[in-house]
Amino acid sequence: MLRQRQCVLLMFFCYLPIVMSKPDGAPTIACKSMKPDASKHGAEAQAIIGPIKNTVKVYQKKFAPGEAVTVSIEGPAYQGIFLQARTEGSSIPIGNFSNTTLTKTIDCPPGKENALTHNHVNQSAAKDLPAENYTWTAPDCNLRKNIVFVATIAQNRTVYWVQVKSPVLEEIEDHNKMNCESSSTILKANMIILVLLATFAKLYQF
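## Some points on the confidence of the model for the protein chain
In the predicted model, the protein chain carries a mean pLDDT of 78, and 67% of its residues have values of at least 70. Looking at the elements of the protein chain, mean pLDDT is at its lowest for helix H1 (residues 2-20), recorded as 37, and at its highest for strand E11 (residues 170-171), recorded as 98. This stretch, residues 4-21, has a pLDDT under 50; its non-local contacts, to residues over four places away or in other chains, come to 8 contacts.

Have a look at this one:
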């Protein structure tokens with residue numbers, strides 16, 4: 001009887017790390033590589049389990065500044081996801097995602113809510129994510145570049161694929177809006193002006 005209890009306890013503690021491994025999704029430290037922590041997920045599993053079984057699907061070929069774009073993951077059921085939109089050739093996430101039932105947004109520097117990941121914190125165990133669409137909103141300025149959605153998809157704790165890419169989406173420039181680079185430059189200039197004004201204000205008080 002004692003031996004049976006020991007076996008049950010052993011099975012419980014062996015299973016516990018699998019259930020509790022990153023239930024709150026991907027950490028910001030993985031924003032660039034999008035790779036799961038090997039110490040928690042095992043070896044580079046996707047390199048030995050064969051071809052990718054899940055794909056990142058988009059329902060349009062073009063997008064405009066400020067437009068909401070629908071993205072979904074097709075293929076077998078999966079428990080974990082880390083999803084971003086990037087301009088071609090870049091590793092910096094852009095735009096913003098919206099939360100869904102079992103997902104949450106995270107802030108990958110220097111942006112806000114520019115990545116989406118699973119969230120099983122309120123679940124007793126990790127479970128398959130529901131078949132649903134994810135919504136991404138493009139920056140409200142002209143990127144002047146095309147974008148691609150990039151996802152790390154985990155079927156379970158040890159079976160996952162890193163940086164699975166969608167088809168490329170072509171940007172339709174809106175000539176009534178600024179280019180994103182110009183907008184960013186103006187924002188930085190305004191911040192410098194505000195800092196200088198605050199400094200002068202402090203000096204004037206003395």
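Once you've had a look at it, read on.
## Thoughts on the environment of Pro130
Residue placement: Pro130 occurs in the loop between strand E7 (115-118) and strand E8 (134-137). Assessed through its relative accessible area of 30%, Pro130 is described here as partly exposed. Spatially, the C-alpha atoms of Pro130 and Tyr78 are 8.7 Å apart, while their sequence positions differ by 52 residues.

## What to know about unusual backbone geometry
As a rule of thumb, non-glycine residues mostly have phi less than zero, and peptide bonds are mostly trans rather than cis. Of note, the amide linkage connecting Pro109 to Pro110 takes the cis form, showing an omega dihedral of 5 degrees. Inspection of the secondary structure assignment puts Pro110 in the loop between strand E6 (103-106) and E7. At Arg144, a position not held by glycine, the phi torsion is positive, near 60 degrees. By secondary structure assignment, the location of Arg144 is in the loop between E8 and strand E9 (147-154). Classification of Arg144 as exposed rests on a relative accessible area of 56%. Non-glycine residue Gln163 carries a positive phi angle of around 55 degrees. If you trace the backbone, Gln163 turns up in strand E10 (residues 160-165). Among the residues examined, Gln163 registers a relative accessible area of 29% and is labelled partly exposed.

## Comments concerning the sheet that holds strand E5 (residues 96-97)
The antiparallel open sheet is built from 4 strands, whose spatial order is E1-E3-E8-E5. Both outer strands of the open sheet, strand E1 (55-58) and E5, are each paired with one neighbouring strand and no more. Sheet topology places strand E3 (residues 68-74) next to E8; 4 bridges connect them, and they run antiparallel. Considered in E8, the bridge of Val69 is made with Trp136.

Criteria and thresholds
- Residues numbered from 1 in each chain as written.
- Predicted model: local features only at pLDDT ≥ 70, side-chain atom pairs only at ≥ 80, totals over all residues.
- Heavy atoms only, no water.
- pLDDT = per-residue confidence, 0-100.
- Helix = DSSP H or I, 4+ residues; strand = E, 2+ residues; numbered from the N terminus.
- Contact = heavy atoms within 4.5 Å.
- Buried < 20%, exposed > 50% of the residue type's maximum accessible area, 1.4 Å probe, protein only.
- Pairing = 2+ DSSP bridges.

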